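# Descriptive structure summary
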2 protein chains.
Amino acid sequence: MQVSAARIPTSFSNEVPQGEDRERLVCQTCGFIDYVNPRIVTGVVAHCDGRILLCKRAIDPRKGFWTLPAGFLELGESVEDGARREAREEACAELEIETMLGVYSIPRIGQVQIFYRARLLNDPTPGPESLEVMLASWDEIPWKELAFPSVKWSLDAYRATEGQTGFAPFGNPDGADHMTR
Amino acid sequence: MQVSAARIPTSFSNEVPQGEDRERLVCQTCGFIDYVNPRIVTGVVAHCDGRILLCKRAIDPRKGFWTLPAGFLELGESVEDGARREAREEACAELEIETMLGVYSIPRIGQVQIFYRARLLNDPTPGPESLEVMLASWDEIPWKELAFPSVKWSLDAYRATEGQTGFAPFGNPDGADHMTR
């Protein structure tokens, strides 16, 4: 969903706007400054009777791999609203959000991902972005077919805090972005 | 920092891109889709000997009012890195981040604000975006001259959890965006 370099309008060039300390793309015709900031992905580990909702992706990237309901937060939404919308879109699922599981910074792709634990309130079915959905027990999770690292991180955070409330959200599991807990 | 309607290039118009469910600004010449998503503000309640670092804003909005070091997360940063950078820019402050205090959704202005508690490691001095800095005891905080609601929310979250770790971050204190804790 990011514009490729070849599609940036020719009137744009990199410059440091007045009062700033880094280059931005600026339109030389109208002065438009194209601020690009990290985007928020919001998602959920939705559970019911100890089983976890997973969706097999119908779209790239990682088509055919299993993921948690998650996607880009849209304007006008709270982070929790966005998580509920994604679960509705991807698995026709209705949720009661319980607590925050993790906040993961992924600077390489300009994302901050926020995952919640939620109680699943209905029977999920695949939405247009999913080939199928499943309610997996811990042992049934297709660990080798998960779409993204943060899916595993969030599942691990869920497992480590099952039944608990009042804990600090997990950060990236290793490396420079590991949050103090 | 947002483009005003008058400055949107005339080749852009609102349409629903294929496979999506909402209007985006699309350039009719080159097909560029201008995805606009909420932005992340990252900030800190930095403390030293029970005093809290506040900065008097040198720039609009809310010039002359007191704030916590905070600002927009930039590409290539973790949320914690961004908080450290903002403290450095606004108060020449070096920090050790301790824990997450709050995650606030402010859909009206397209922001998600993430605040940490941090230990202040040096003597702060005003950076170019601050008129002055202060280290305030709780009773010295200029409550009627705070720049933004989330400054108060974060200070309250700090006070409610002073000396604690392992707690869930606070959400918006009231209204529809209040997070389950």
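Residues numbered from 1 in each chain as written. Chains lettered and ligands numbered in written order. Predicted model: local features only at pLDDT ≥ 70, side-chain atom pairs only at ≥ 80, totals over all residues. Heavy atoms only, no water.

### Focus on the relation of the copies chain B and chain A
Here chain B sits on chain A after a turn of 180° about the axis and a move of 0.0 Å along it, with an RMSD of 0.0 Å. Between the two chains, the operation in question is that of a two-fold axis. Interface residue correspondence from chain B to chain A reaches 100%, placing this contact among same-surface, isologous pairings. (Least-squares fit on C-alpha atoms with pLDDT ≥ 70 in both. Contact = heavy atoms within 4.5 Å.)

### A short note on the sheet that holds strand β2 (residues 24-27) of chain A
Residues and elements named next belong to chain A. With respect to topology, 3 strands assemble into an open sheet ordered β1-β2-β3, the strand pairing being antiparallel. Because the sheet does not close on itself, it has two edges, and the strands there are β1 (12-15) and β3 (33-34). Where β2 meets β3, 2 bridges bridge the pair, whose relative direction is antiparallel. Bridging from a neighbouring strand, Val26 pairs with Ile33 of β3. (Pairing = 2+ DSSP bridges. Helix = DSSP H or I, 4+ residues; strand = E, 2+ residues; numbered from the N terminus.)

### Quick word on the interface of chain B and chain A
Listed per partner, the contact involves 46 residues of chain B and 46 residues of chain A. Carbon and sulfur atoms make up 58% of the surface buried where chain B meets chain A, a total of about 4200 Å² over both sides. Taking the shortest distance from any N to any O, the salt bridge between Arg24 of chain B and Glu74 of chain A comes out at 2.7 Å. The tally of links between chain B and chain A comes to 10 residue pairs in polar contact (both at pLDDT 80 or more). Within the residue set of the side of chain B that touches chain A, elements represented by two or more residues are β4 (39-48), α1 (79-91), β8 (95-106) and β9 (111-120) of chain B. (Buried area = accessible area lost by both parts, 1.4 Å probe. Salt bridge = Lys/Arg side-chain N within 4 Å of Asp/Glu carboxyl O. Polar contact = N/O pair within 3.5 Å; in protein donor to acceptor, adjacent residues only side chain to side chain.)

### Here's the deal with the environment of Ala136 of chain B
Residues and elements named next belong to chain B. Inspection of the secondary structure assignment puts Ala136 in strand β10 (residues 130-136). For Ala136 and Leu25, which are 111 residues apart along the polypeptide, the C-alpha to C-alpha distance reads 45 Å. What Ala136 contacts, discounting residues up to four positions off in sequence, is Gly50, Arg51, Ile52, Leu54 and Ile141.

### Some points on the environment of Asp81 of chain A
All names here are of chain A. With respect to the helices and strands, the residue Asp81 is situated in helix α1 (residues 79-91). With a relative accessible area of 29%, Asp81 lands in the partly exposed category. When the C-alpha positions of Asp81 and Ile97 are compared, they lie 9.5 Å apart, and in sequence the two are 16 residues distant. (Buried < 20%, exposed > 50% of the residue type's maximum accessible area, 1.4 Å probe, protein only.)

### Points about the sheet that holds strand β1 (residues 12-15) of chain B
Residue and element names in this part refer to chain B. As summarised here, the arrangement of the 3 strands in space is β1-β2-β3, forming an open sheet in which the pairing is antiparallel. Strands at the two margins of the open sheet, each flanked by one partner only, are β1 and β3 (33-34). Relative to strand β2 (residues 24-27), β1 is paired through 4 bridges, and the arrangement is antiparallel. Bridged to Glu15 within β2 is Arg24.

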